[in-house]
Amino acid sequence: MDCVLRPASGHDAPRVAQLLIDTRSKFMPYAPSAHSDDEVREWVAATLVPGGGVIVAEVRGRVLGAMATARDGCAWITQMAVDPAVVGRGLGSTLLAHALSTLPRPIRLYTFQANNGARRFYERHGFAAVAFTDGQGNEEHCPDVLYELGAAP
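For clarity, every value in this text was computed on a predicted model and none was experimentally measured. (Residues numbered from 1 in each chain as written. Predicted model: local features only at pLDDT ≥ 70, side-chain atom pairs only at ≥ 80, totals over all residues. Heavy atoms only, no water.)

Draft legend 1. The arrangement of the overall build of the chain in detail. For the chain, the helix and strand inventory stands at 4 helices and 7 strands. Seen in sequence order, the chain has helices and strands lined up from the N terminus as β-α-α-β-β-β-α-β-α-β-β. In terms of overall dimensions, the chain is globule-like: its C-alpha atoms have a radius of gyration of 15 Å, near the 15 Å expected for 153 residues. For the C-alpha atoms alone, the extent of the chain along its principal axes is close to 35 × 35 × 30 Å. Relative to its full complement of 153 residues, the chain shows a buried share of 41%. The long-range fraction of contacts in the chain, counting pairs at least 24 apart against all pairs at least 6 apart in sequence, stands at 62%. For the chain, the exposed surface amounts to about 8100 Å²; the carbon and sulfur share of it is 52%. (Helix = DSSP H or I, 4+ residues; strand = E, 2+ residues; numbered from the N terminus. Rg over C-alpha atoms; globule rule 2.2 N^0.38 Å. Buried < 20%, exposed > 50% of the residue type's maximum accessible area, 1.4 Å probe, protein only. Contact = heavy atoms within 4.5 Å. Areas by Shrake-Rupley, 256 points an atom, 1.4 Å probe, with all protein chains shown as cover.)

Shown next as structure tokens:
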């Protein structure tokens, strides 16, 4: 799928929030959000997008994917969402390739242990599970897994 990657702007915040909401609803019914949809929208508009590090994938003028990254001792992918209607068409791989080409390693991320699709996706791109938790440290209290992509060979 041919897309343009660009930094998110405040104008993109409602769409980025909707992608996060829709992705959780479709692919993570076992981990309901700890926040209402309105709280997610407010957080994305007031904190996530203004904080920087958010890239959107735009196809024919429509934002269909988003990824947020951060640096805190190492690089992190903190959010990743692709419109459920286009999952499997390469947008996630395009966003991840951007992260791999711009972030220093190691790169870490969390996903839920039950999110088998995400786990296969990250493992296919070279990430390895380095820790499993019972979920008490996340807002959903859902078991998660820490993935890491180490130094390039």
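Draft legend 2. Structural context of unusual backbone geometry. Following Arg105, the chain continues into Pro106 via a peptide bond in cis, with omega recorded as 5 degrees. Structurally, Pro106 is set in the loop between helix H3 (91–102) and strand S5 (107–112). Look at Arg60: it is not a glycine, yet its phi comes out positive at around 50 degrees. Along the chain, Arg60 falls in the loop between strand S2 (54–59) and strand S3 (62–71). Residue Arg60 is classed as exposed on the basis of its relative accessible area of 81%.

Draft legend 3. Here's a closer look at the sheet that holds strand S6 (residues 128–133). Across the sheet, which stays open at both edges, the 7 strands sit in the order S1-S2-S3-S4-S5-S7-S6 with mixed pairing between neighbours. Each of the sheet's edge strands pairs with one partner strand only, and the pair in question is strand S1 (4–7) and S6. Put simply, the sheet's adjacent strands are angled 25 degrees from each other on average, direction ignored. Strand direction decides the pairing type here: S3 and strand S4 (residues 75–82), joined by 7 bridges, are antiparallel. What sits directly across from Ala70, in S4, is Trp76. (Pairing = 2+ DSSP bridges. Axes fitted to C-alpha atoms, helices over the stretch in contact; angles between N-to-C directions.)

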